[in-house]
Amino acid sequence: MSGEFKSGRIVIVGASLAGLRAAETLREEGFTGELTLVGDEPHPPYDRPPLSKQVLLGRVPAADVGLPARRPVDARWKLGVRASGLDPAAKEVLLADGERLPFDRLLITTGTRARPWPHPEEARLDGVLTVRTVDDASRLAERLDAGPRRVLVIGAGFTGSEIASACRERGLAVTVAERGPAPLVGALGGTLGSFAARLQRAHGVDLRCGVTVTSLLGSNGRLTGAELSDGSRIDAEVAVVALGAVRNTEWLDGSGLAAGPRGVACDAGCRAFNMYGIVTDDVFVAGDVARFPHPLFDYQMLALEHWGNAVEQAEVAAHNMVNPGPLRRPHLAVPAFWSSQFGLNIKSVGVPTFSDQVTIAQGSVEERRLVVVYGYRGRITAAVSVNRAKWLEHYLRLIETAAPFPPEPGAADRPAEPRVVASDVPDPKVLSHGPTVALTGHLPDRRLAVLRPMT
Amino acid sequence: MQIVVDLNRCEGYAQCVFLAPKVFELHGEEALLYAPAPPAEQAERVRRAAAACPVQAILVGEQAGAGAGTGAGADVR
């Protein structure tokens, strides 16, 4: 009975962290069939977190960041070739080189790419870079080695802030332009946002908040500076575009899957939905590109760009690909991520944006060691530590058990009078920029859902 | 040799820093930096560090898919 699950042809599109860990899990669970991994980059799987840290600091060459294998996967690797389409009826993946890869089950782990600078001509200026791939990081590290007079970082999310931190550590002048009121505010809300702003300025970052870069300026094809929406102008030889990521779903256009700018929707068992919300039996999805319902967060469809989520979701997807229904598992891991910047270790569990209030439960902003706990309608939904990582596991348990917010007293180094304030998380409805869905036709068997890009 | 540290698990005990200081380093109080491809002469120290990690956050192995990434459209088993 379970034999059919352990044989056949499995194709994994996306040969990064999630694709690799899924391939290993498939073999670990006894899959003996044909396994093919497709990756658009020419490199074998590598690790991205060091790219904006060790690599930009100049301590590790970009080429060194490969991922260790947990076990042999005995797979056919098709690297340096993009998947260009999916034919779900014929059960084939189309590759950009014209090959068609037949499959019995498919796993989509195509992840995200850096959101490019919106003006293509300005984006082509020499000195304008992004940091997503190993090649990107290698190019930027070279530029930083050359000692530019000033670096402009556009966007103060985690990647932008880590880049600014690496620049300051190298002694380079850096300007950070952020559209929001503070760095990291989109992910962590107002309390830690204002903490991050003070931290950056204390480390000599020229931080400009509430502004956008309106144009990048060049001369003879080389970047010379930028104009900001407040009318100011900055001279810079290097500009790093750190405006977040775009999910790699375009290759699924026309496949009928629920795939779009927000990712590929799937159930808690990683089975992809088609655009009608009907679950597929043979197409699975994991990692940054997946959107899945999480019961702890109102079954909200979460798409997480987290290292740990890529690993855990890939393992669940792979398990479910080679096991029959009753043995399948849900992906219920509590989200977690980390960042290190300006000498501090920032770690998060839960979903900080799923909150209406926060309190500093331990430590203080002044000592630069603290735990901020987030609550939503009276229960704990997230915790973020700054140089207090050992405490996070405690809060993880509180999140898992929906413990009341604010947390009970009793922790060490708890402030004498903890204050509860609004979490100041930007309204996700305002931030989202997905397409709308419309229905066509009027006969039951002719009804179709179509995606309309937002204008 | 290739290593990766699960920094979600890492709690900054720094056992690895004591056992293999050329590979693992604390950056500030508790942020861990490490060399993902340590030289061969560090292999034994790295293995000891991985074994000693209280939260078992260090994964040591050979590079995954090595040899697969040679040129565009490489098709290697």
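Structural data are supplied above this passage.
Right, let's walk through the structure included here. As the structure is a computational prediction, the values presented were derived from the model and not from experiment.

Turning our eyes to something else, we now look at the pairing of strand E7 (residues 105–108) of chain A. Residues and elements named next belong to chain A. Residues of E7 alternate between two faces, with Arg 105 and Leu 107 on one and Leu 106 and Ile 108 on the opposite face, all of them buried. Bridge count between strand E1 (residues 9–13) and E7: four bridges; the pairing is parallel. Residue pairing for E7: Val 13 is matched across the bridge by Ile 108. The pairing of E7 with strand E21 (residues 279–285) spans three bridges and is parallel. Among the inter-strand pairings, Leu 106 is bridged to a residue of E21, identified as Val 283.

Our next topic: empty space enclosed by the protein. Residue and element names in this part refer to chain B. Counted under the stated rule, the structure contains five cavities of 30 Å³ or more. Its boundaries defined by the atoms lining it, the largest cavity holds a volume of some 130 Å³. Taken together, 17 residues form the lining of the largest cavity, with Cys 10, Tyr 13, Ala 14, Cys 16 and Cys 53 sitting closest to its centre. Counted by class, the lining of the largest cavity contains 13 nonpolar, two polar and two charged residues.

This brings us to the packing of aromatic side chains. All names here are of chain A. In the structure shown here, the tally under the stated rule is five aromatic pairs over all chains. Aromatic pair Trp 307 and Trp 338: ring centres 5.9 Å apart, planes at 65 degrees, arrangement edge-to-face. A residue pair is termed long-range when its members are at least 10 positions apart, and Trp 307 in helix H8 (residues 307–321) and Trp 338 in strand E24 (residues 336–341) qualify at 31 residues. Like Trp 307, the residue Trp 338 is buried in the burial classification. On the basis of an interplanar angle of 45 degrees and a centroid distance of 4.5 Å, the ring pair of Phe 354 and Tyr 376 is categorised as tilted. In this pair, Phe 354 sits in the loop between strand E25 (344–350) and strand E26 (357–364) while Tyr 376 sits in strand E27 (residues 369–376), placing the two residues 22 residues apart along the sequence. One exposure class covers both Phe 354 and Tyr 376, and it is buried.

Moving on: the environment of Pro44(A). Here Pro44(A) shows up in the loop between strand E2 (34–39) and strand E3 (76–79). Residue classification places Pro44(A) among the buried residues on the basis of a relative accessible area of 14%.

Another aspect to go through is the sheet that holds E26(A). Sheet strands associate in pairs through backbone hydrogen bonding, adopting either a parallel or an antiparallel arrangement. Residue and element names in this part refer to chain A. Here six strands make up an open sheet; going across it, the order is E24-E25-E28-E27-E26-E29 and the pairing antiparallel. Since the sheet does not close on itself, it has two edges, and those belong to E24 and strand E29 (420–422), each with one partner. With direction set aside, neighbouring strand axes in the sheet form an average angle of 25 degrees. Two strands pair when backbone bridges link them, and E27 and strand E28 (residues 379–386) are joined in this way by seven bridges, in the antiparallel orientation. Within E28, the residue paired with Gly 375 across the bridge is Ile 380. The strands touched by helix H7 (residues 190–202) within the sheet are E25, E26, E27, E28 and E29, with E27 carrying the most contacts at an inclination of about 150 degrees.

Calculation notes
- Residues numbered from 1 in each chain as written.
- Chains lettered and ligands numbered in written order.
- Predicted model: local features only at pLDDT ≥ 70, side-chain atom pairs only at ≥ 80, totals over all residues.
- Heavy atoms only, no water.
- Buried < 20%, exposed > 50% of the residue type's maximum accessible area, 1.4 Å probe, protein only.
- Helix = DSSP H or I, 4+ residues; strand = E, 2+ residues; numbered from the N terminus.
- Pairing = 2+ DSSP bridges.
- 1 Å grid on protein atoms, 1.4 Å probe; cavity = no way out; pocket = protein on both sides within 12 Å on 5 of 7 lines; lining within 4 Å.
- Points joined across faces, edges and corners; volume = space filled by probe spheres on them.
- Nonpolar A, V, L, I, M, F, W, Y, C, P; charged D, E, K, R; others polar.
- Phe/Tyr/Trp six-rings, centres within 6.5 Å; stacked < 30°, edge-to-face > 60°.
- Axes fitted to C-alpha atoms, helices over the stretch in contact; angles between N-to-C directions.
- Contact = heavy atoms within 4.5 Å.

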